[in-house]
Amino acid sequence: MKQTILVTGGAGFIGSHLCEALLTAGHTVVCVDNLFCGSKKNIVTCLKNKNFTFIKHDVREPFVTKIKFTRIYNLACPASPVNYQKDPVATIETSFLGMHNMLKLAQKTGARVLQASTSEIYGDPLEHPQRETYWGNVNPIGIRACYDEGKRAAETLCFDYHREKKVEIRVVRIFNTYGPRMAVNDGRVVSNFIVQALRGAPITIYGAGDQTRSFQYVDDLVRGMMLFMEKARVTGPVNMGNPNEFTMKQLAEKVVKLTSSKSAITFRALPGDDPKRRKPDISVAKKMLGWEPKVMVDEGLVKTIAYFKKVV
Ligand code: NAD
Ligand code: UDP
């Protein structure tokens, strides 16, 4: 069925890929973004489509509209530590107030809402790999808390709106996702390493580089989110990520090799509260949605490197 869909944060990295995929599926898409860390450059293709509208709007403010949305994907929120720590108050406000405004809109229009939650819900996890049943280990007053606690409170709001007001919700906990259109300067590890390697600049590993992450290619995530949104009666939370786990040292070596770079590897101070290990258990997504990632890291990195070669 063709839907009328609101995508908040649609001019960002993941949001722009999602808007494109929804348009390709024949839906009508309204993208709302305040361009805090997204860019209209990410949606140039979408803007040529008659079924696409961009509205510059801050989700911390109520979104007043006559459009009868049937689906809302809530992605608006700075996602990289560098961006979300630039204005921590705005970050936690965006997570909480943005979510609240979208849930109120959903209640009014009868729309189903998908929240882009995060593996940061688990903080510096004491359980490994992380299952959805794990409640997490978050420092509530640390430098990452504006993001982690904002996202945790947003999940709480989703479930309370669902229980109390019968709003249909979908909560996806996204693990580190990468791909074309990550911002050159947003400080995330995949974009940093690739940009540094392509420029022949030192590759900056924070700490000793033995912390781990599991990297998912953006196309896998977008396919998963769309599947989840349309799946009946599954609220989540559902983890989405690629369970292949790498140390940052291994990632740096991979990027140097795939770019044939002459960059040296250097070590910098580890930021506070940096999680030591992260790997999703995706058995719920497999069982409930029949979803698992298809793009392995070498293939995804090659595509991402090809993109960055054009923009740096
Ligand atoms: P991104 O920074 O590229 O995109 C976020 C978008 O939200 C940007 O376009 C930004 O301008 C917009 N935005 C920020 N504050 C806003 C506000 N107050 N009002 C309206 N728009 C606002 O990040 P991304 O990687 O595309 O992440 C998208 C979503 O997915 C985020 O909610 C993020 O928390 C979540 N997520 C991403 C990852 C990942 O690895 N990329 C992992 C977990 C969760
Ligand atoms: N990181 C790094 N060098 C960089 C950027 C990040 O070693 O130039 C590390 C960072 O300390 C963290 C991991 O890479 O341990 C992933 O960082 P990112 O900001 O991409 O995501 P998150 O910490 O939110 O998972």
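Everything that follows concerns the structure shown earlier in this document.
So, here is what we can say about the structure in this document. (Residues numbered from 1 in each chain as written. Chains lettered and ligands numbered in written order. Predicted model: local features only at pLDDT ≥ 70, side-chain atom pairs only at ≥ 80, totals over all residues. Heavy atoms only, no water.)

Here's the deal with the packing of aromatic side chains
To be explicit about the condition: Ring pairs shown here join Phe, Tyr and Trp side chains whose ring centres sit within 6.5 Å, with only the six-membered ring taken for Trp; geometry is labelled stacked below 30 degrees between planes, edge-to-face above 60, and tilted in between.
A full pass over the atoms with the stated rule returns seven aromatic pairs. Plain terms: the ring middles of Tyr307 and Phe308 are 5.2 Å apart, the flat faces sit at 75° to each other, and that makes the pair edge-to-face. Put simply, the rings of Tyr122, Tyr134 and Phe175 touch in pairs and so form one group of aromatic residues.

Side note on the site of ligand 2
Put simply, the rule reads: In this text, near means that some heavy atom of the residue lies within 4 Å of the molecule or strand in question. Polar contacts, as used here, are pairs of N or O atoms within 3.5 Å; protein pairs need one atom able to donate a hydrogen and one able to accept it. Residues neighboring in sequence count only if both atoms are side-chain atoms. Exposure was quantified through the Shrake-Rupley algorithm and a 1.4 Å probe, taking into account, for residues, occlusion by the shown protein chains and nothing else. For helices the rule is a DSSP run of H or I covering at least 4 residues; for strands it is a run of E covering at least 2, with both sets numbered from the N terminus onward. Any residue that is not Ala, Val, Leu, Ile, Met, Phe, Trp, Tyr, Cys, Pro, Asp, Glu, Lys or Arg is counted as polar, Gly included; the first ten are nonpolar and the last four charged.
Taken together, the neighbourhood of ligand 2 is formed by 18 residues, with Thr204, Tyr206, Arg213, Asp274 and Arg278 sitting nearest. Here an oxygen atom of ligand 2 and a side-chain polar atom of Asn192 are 2.8 Å apart. At 2.8 Å from an oxygen atom of ligand 2 is found a main-chain nitrogen or oxygen belonging to Tyr206. Contact with the protein chains removes 95% of the 520 Å² of surface that ligand 2 exposes when unbound. Elements with a minimum of two residues in the shell around ligand 2: helix 6 (189-199) and strand 8 (203-206). A class-by-class count of the residues in the shell around ligand 2 yields seven nonpolar, five polar and six charged.

Focus: unusual backbone geometry
Of all residues except glycine, most have a negative phi; of all peptide bonds, most are trans. We apply this condition: A 1.4 Å probe rolled over the protein chains alone gives each residue an accessible area, and that area as a share of the maximum for its type sets the label: buried under 20%, exposed over 50%, partly exposed in between.
For the peptide bond that leads from His128 to Pro129, omega is -10°, which places it in the cis range. Of note, Pro129 is situated in the loop between strand 5 (112-118) and helix 5 (145-165). Cis geometry is found at the peptide bond from Gly236 to Pro237, where omega equals 5°. Counting through the fold element by element, Pro237 comes out in the loop between helix 7 (218-230) and strand 11 (238-240). At Arg233, a position not held by glycine, the phi torsion is positive, near 55°. Within the secondary structure layout, Arg233 lies in the loop between helix 7 and strand 11. Using a relative accessible area of 78% as the deciding quantity, one classes Arg233 as exposed.

Thoughts on the site of ligand 1
Around ligand 1 lies a shell of 29 residues, among which Ile14, Asp33, Tyr147, Lys151 and Thr177 are the nearest. Measuring from an oxygen atom of ligand 1, one finds a backbone N or O atom of Ile14 at 2.8 Å. Gly38 places a main-chain nitrogen or oxygen 3.0 Å from an oxygen atom of ligand 1. Protein chains bury 97% of the 830 Å² of accessible surface belonging to ligand 1 in isolation. Residue contributions to the shell around ligand 1 peak at three residues, all from strand 5. Classifying every residue of the shell around ligand 1 gives 15 nonpolar, ten polar and four charged.

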